[in-house]
Protein chains: 2
Amino acid sequence: MDSVKVGICGLGTVGSGTFAVLKRNAAEISARVGADIVVAQIGARRDNPKCDTGDVAINRDVFAIAENPEIDILVELIGGTTVAKELVLKAIANGKHVVTANKALIAEHGNEIFAAAAEQGVTVAFEAAVAGGIPIIKALREGLAGNKIQWLAGIINGTGNFILSEMREKGRDFADVLAEAQELGYAEADPTFDVEGIDAAHKLVILASLAFGIPLQFDKVFTEGISKIAQEDVTYAEELGYRIKHLGIARGTSEGIELRVHPTLIPEKRLIANVNGVMNAVLVQSDAVGPSLYYGAGAGSEPTASAVVADVIDVARSLSSSQSSRVPYLSFKTESLSAHPVLPIDAVETAYYLRMTAVDKPGVLSKVAQILSDGGISIEALIQKEAADNANLVPMIILTNRTIEAKLSAAVSQIEGLESIVGEVTRIRVESLAG
Amino acid sequence: MDSVKVGICGLGTVGSGTFAVLKRNAAEISARVGADIVVAQIGARRDNPKCDTGDVAINRDVFAIAENPEIDILVELIGGTTVAKELVLKAIANGKHVVTANKALIAEHGNEIFAAAAEQGVTVAFEAAVAGGIPIIKALREGLAGNKIQWLAGIINGTGNFILSEMREKGRDFADVLAEAQELGYAEADPTFDVEGIDAAHKLVILASLAFGIPLQFDKVFTEGISKIAQEDVTYAEELGYRIKHLGIARGTSEGIELRVHPTLIPEKRLIANVNGVMNAVLVQSDAVGPSLYYGAGAGSEPTASAVVADVIDVARSLSSSQSSRVPYLSFKTESLSAHPVLPIDAVETAYYLRMTAVDKPGVLSKVAQILSDGGISIEALIQKEAADNANLVPMIILTNRTIEAKLSAAVSQIEGLESIVGEVTRIRVESLAG
């Protein structure tokens, strides 16, 4: 198969992100799949001025995509549970594979949809339905498939986490932060789904089914929102060594499965307690691995599109390869591996921590600073300690800005050549690890 | 296909863990695959007294497994790069799928092994080769397959991270902690592979190939260990707002790919800076998702076995199903979904944070404590604030031990009925989220 044909239904935030990612990363994706993924048709009630769809045909009737015999995969991104359900069932009936980001649709009608898909022998993929760009569905369904899952706990609503993070970091009130979240576009005009936990409950139901092998049971989730959390609760929790997070928790017990969404105090030293802002994270406790955690953007145009496209690639790899080589060994097809060189360390740019031992007399720092400055390296921070009694040597610690390793090495050689510097300069690279 | 037959070569730490996980979780695994996974034969030079292999035939010659026509999947867990390479190539030549945990083998001979496997149309799976139980290979190869990966940075050697964590948390010296790590079995008698970064370099090479679509090039990695890190560097880094971690970093630039393993200062507020002890984590920056992080146990018998078994399940799902239904929609086969009930919230056990407003007079706390005690609930912590001037109301915060929600609700009703308590009691559940 040379190309796999995709029809995108819905051209809102996630639809336009999906189109953009498929277009921008087309070369990488082809090299990973061994076939091109082509958006053959779009179904959307209206154009999206933010999305340049080029010469792809846009049909005002989304059902036309489900009827188009050219389409291999229908991508449902219209949202809601009525038209979306009808559309997905129609696509399945017509033998198309379906990829959807619709958590409400899967949580509330998944059992029926999967039964129809099984009958037709098609895939329904929904990685984007939970925690956006984090591949948590794949982790539970495949990565941890050898484990008995004991429990999982997730920050699976970014709006709620943003509100609680702001309340803690800036001492603000719930209502105040909610208003800002709405202005920033994190929260809907009607914030009920987010702050009352319904969105999280949809996602939790899906995670629990994958983890425990139970049918989807949205009506059984206990759901409590964050609207009652007062500023003082956040403060008292902190005094006690805890953070308040809005968690979805699923736990297997011998009596049954706990399924609950509610604000939760968790010890501040836990990694998940330090997941802030709109980010999502899911902590999974399983019998062989122990704890594992998956963190990333849980919403937004391209993070969600990433999960949609991953599902499309999964289906396309199955359609275009033999079973044994569905996923290329090194992710990209062997014949597509790149000759892009590995850089020598001298060409790498990074910042540096330098520690040296200096003779405690005037002018040493200025000599060191001059060498760095001549090398085009500036000083970001400096620690200079007092000499201990009877000692005439002092430690001097310098944090530099980013520079090429070759330049830094040259400067360090010069510094080590100074009479007033004793022994070698310790260097440790510094990375901000920011996006 | 009713069953998929596996041969395990090597019965050391990971081999015995793999056998144990396949045996203990056989029912879940069958329900996820739709076929039984049967260990048909073991190849091991000697028995492992810690592993009860029951009536599974053990052959002293591992090559017998590669020759056994009954075996579908050969699991290579003998380690090293000489016999292991010969064994894997023999299995491939005989048309068997291969699962391996051998990072050195893949990093140094992967290109040759994959070429042989592609010719035979078989899978070579190696999730366990990097970061143990964390499904990072799957995340890069499938979950993030729609993304252009910009860079990744990983704590991918647990021994090194344990040493640096202890140096920071307890102010200990490198040599002192290394000696303890060796006693605890975290570090080998010859710790070179761990502390000088060779083990991390093996893993980084594999991650970089998956991320950037380049062939495996182990000889190109810049590698620097942690043996030169002094206690004072850890302290100074902390003064500057940083933590020192031993990272493997791969970054794509227009000139080439950076591939480097070295100690690194990173800002202490980064999530990955807070990954401590023997745990591993990989932070991936990609164009659609932005940052995402994968955290868990990077070594050990069962965490590594989890990844081995996940790979076995991947192959078994391909062998036993049609392409379209390779992975069940909800992870477990629909006909195997469980009727295990979802518990009502009243039956859930958790700890509680209670906040109430009390009249500032003697005896209120004792009444509240009595009610809790009568309900079998004990107090773990208490905050009682002084009344503000002119106020006769004080906030009272109680942290309880774990109890059933129904009991807590009954006690809260009684507390709310006290004359000396004003208004409702705020309750927020507390979870330790410990294993």
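Bear in mind that the values here come from a model prediction, so they are computed numbers and not experimental data.

**Observations concerning the overall build of chain A**
Counting secondary structure elements, chain A contains 14 helices and 17 strands. Seen along its three principal axes, the alpha-carbon backbone of chain A occupies a region of about 85 × 55 × 45 Å. A burial count over chain A gives 61% of its 435 residues as buried. For chain A, the exposed surface amounts to about 15,700 Å²; the carbon and sulfur share of it is 48%. Taking the average place of the 38 positive charges on the side chains of chain A and the average place of its 54 negative ones, the gap between the two points comes to 3 Å.

**Observations regarding the sheet that holds strand β5 (residues 97-100) of chain A**
Residues and elements named next belong to chain A. Overall, parallel pairing links the 6 strands, which are arranged β3-β2-β1-β4-β5-β6 in an open sheet. Unpaired on one side and paired on the other, β3 (57-59) and β6 (124-125) mark the two borders of the sheet. Relative to β6, β5 runs parallel, the two sharing 2 bridges. Looking across to β6, one finds that Val98 is bridged to Val124.

**Here we look at the nonpolar core**
If you look at the biggest cluster of nonpolar residues, it comprises 116 residues, and the most contacted ones within it are Ile136 and Ile206 of chain A together with Ile136 and Ile206 of chain B. Apart from the residues lying within four places of it in its own chain, the contact partners of Ile206 of chain A are Lys103, Ile106, Ala107, Phe126, Ala129, Val130, Ile137 and Leu216 of chain A. Counting residues in each nonpolar core, the second largest holds 34 residues, with Val6, Ala35, Ile42 and Leu77 of chain A among its members.

**Comments concerning the relation of the copies chain B and chain A**
Expressed as a screw operation, the relation of chain B to chain A combines 0.0 Å of axial shift with a rotation of 180 degrees, fitting to an RMSD of 0.0 Å. What the superposition gives is, in effect, a two-fold axis relating one chain to the other. If distances are taken from each C-alpha of chain B to the rotation axis, the shortest is found for Tyr294 of chain B, at 2.5 Å. When the interface residues of chain B are mapped onto chain A, 100% of them are again interface residues, pointing to one common binding face.

**Some words on the pattern of salt bridges**
This model, assessed by the stated rule, comprises 54 salt bridges over all chains. The shortest N-O distance in the salt bridge between Lys138 of chain B and Glu142 of chain A comes to 2.8 Å. Of this pair, Lys138 of chain B sits in helix α6 (residues 136-143) while Glu142 of chain A sits in helix α6 (residues 136-143), each in a different chain. Taken individually, Lys138 of chain B and Glu142 of chain A each receive the classification buried, so the pair is uniform in this respect. Notably, a salt bridge pairs Glu405 of chain A with Arg429 of chain A, separated by 2.8 Å at the nearest N-O pair. Highlighted residues: Glu405 of chain A in helix α14 (residues 405-417) and Arg429 of chain A in strand β17 (residues 421-430), separated in sequence by 24 residues. A relative accessible area of 4% means that Glu405 of chain A is categorised as buried. It is possible to trace a salt-bridge network through shared partners that takes in Lys138, Glu142 and Asp314 of chain A together with Lys138, Glu142 and Asp314 of chain B.

**A word on the sheet that holds strand β2 (residues 36-43) of chain B**
All names here are of chain B. Reading across the sheet, the 6 strands line up as β3-β2-β1-β4-β5-β6 and stay open at both edges, with parallel pairing between neighbours. In this open sheet, the two strands that pair with only one neighbour each are β3 (57-59) and β6 (124-125). Where strand β4 (residues 73-76) and strand β5 (residues 97-100) come together, 4 bridges link them in parallel fashion. Residue pairing across strands places Ile73 opposite His97, the latter belonging to β5. Strand contacts of helix α4 (residues 83-93): β1 (3-9), β4, β5 and β6, with the helix running at about 170 degrees to β4, the strand carrying the most contacts.

**Describing the pairing of β5 of chain B**
Consecutive side chains along a regular strand alternate between the two faces of the sheet. Residues and elements named next belong to chain B. Residues His97 and Val99 of β5 are buried on one face, and the alternating residues Val98 and Thr100, pointing to the opposite face, are buried as well. Crossover handedness for the path β4 to α4 to β5: right-handed. Crossover handedness for the path β5 to helix α5 (residues 103-120) to β6: right-handed.

**Notes on the UniProt feature "binding site: L-homoserine" (unreviewed entry) in chain A**
Residues and elements named next belong to chain A. Under the local residue numbering, the UniProt record ascribes the feature "binding site: L-homoserine" (unreviewed entry) to Glu188. Turning to its location among the elements, Glu188 is positioned in the loop between α8 (174-184) and α9 (192-195). Accessibility expressed as a relative area gives 54% for Glu188, which makes it exposed.

**Quick look at the packing of α6 of chain A against α6 of chain B**
It is at 10 Å that the axes of α6 of chain A and α6 of chain B come closest, and there the two elements cross at 125 degrees. With respect to α6 of chain B, the element α6 of chain A is oriented oblique. Remark: the crossing between α6 of chain A and α6 of chain B carries right-handed chirality. Note on element contacts: α6 of chain B touches α6 of chain A through Lys138, Glu142 and Gly143 of chain B, opposite Lys138, Glu142 and Gly143 of chain A. Taken together, the residues that form the contact of α6 of chain A with α6 of chain B break down as no nonpolar, 2 polar and 4 charged.

**Side note on the interface of chain B and chain A**
Each partner contributes residues to the interface: chain B has 139 residues there, and chain A has 139 residues. Between chain B and chain A the total buried area reaches about 11,400 Å² when both faces are included, carbon and sulfur atoms providing 59% of it. Looking at the side of chain B facing chain A, the largest losses of area belong to Tyr329, Val342 and Leu433 of chain B, adding up to 8% of the total buried there. Summed over the shared surface of chain B and chain A, the number is 14 salt bridges. A salt bridge links Arg24 of chain B to Asp287 of chain A, with the nearest nitrogen and oxygen atoms 3.0 Å apart. Inspection of the chain B/chain A interface yields 58 residue pairs in polar contact (both at pLDDT 80 or more). Class assignment for the residues of the side of chain B that touches chain A results in 76 nonpolar, 35 polar and 28 charged. In this sheet, strand β10 (residues 257-267) of chain B lies alongside β17 of chain A in parallel orientation, the contact comprising 2 bridges. Residue Arg429 of chain A lies in a different strand from β10 of chain B, and its bridge partner there is Thr264 of chain B.

Each value, and the rule that gives it
- Residues numbered from 1 in each chain as written.
- Chains lettered and ligands numbered in written order.
- Predicted model: local features only at pLDDT ≥ 70, side-chain atom pairs only at ≥ 80, totals over all residues.
- Heavy atoms only, no water.
- Helix = DSSP H or I, 4+ residues; strand = E, 2+ residues; numbered from the N terminus.
- Buried < 20%, exposed > 50% of the residue type's maximum accessible area, 1.4 Å probe, protein only.
- Areas by Shrake-Rupley, 256 points an atom, 1.4 Å probe, with all protein chains shown as cover.
- Lys, Arg positive; Asp, Glu negative; His and termini not counted.
- Charge placed at Lys NZ, Arg CZ, Asp CG, Glu CD.
- Pairing = 2+ DSSP bridges.
- Core = buried A, V, L, I, M, F, W, Y, C linked by side-chain atoms within 4.5 Å.
- Contact = heavy atoms within 4.5 Å.
- Least-squares fit on C-alpha atoms with pLDDT ≥ 70 in both.
- Salt bridge = Lys/Arg side-chain N within 4 Å of Asp/Glu carboxyl O.
- Axes fitted to C-alpha atoms, helices over the stretch in contact; angles between N-to-C directions.
- Right-handed = clockwise from strand over helix to strand, strands pointing away.
- UniProt positions renumbered as here; feature names shortened; annotations may be inferred.
- Parallel < 35°, antiparallel > 145°, perpendicular 65-115°, else oblique.
- Left-handed = near helix turned anticlockwise from the far one by under 90°.
- Nonpolar A, V, L, I, M, F, W, Y, C, P; charged D, E, K, R; others polar.
- Buried area = accessible area lost by both parts, 1.4 Å probe.
- Polar contact = N/O pair within 3.5 Å; in protein donor to acceptor, adjacent residues only side chain to side chain.

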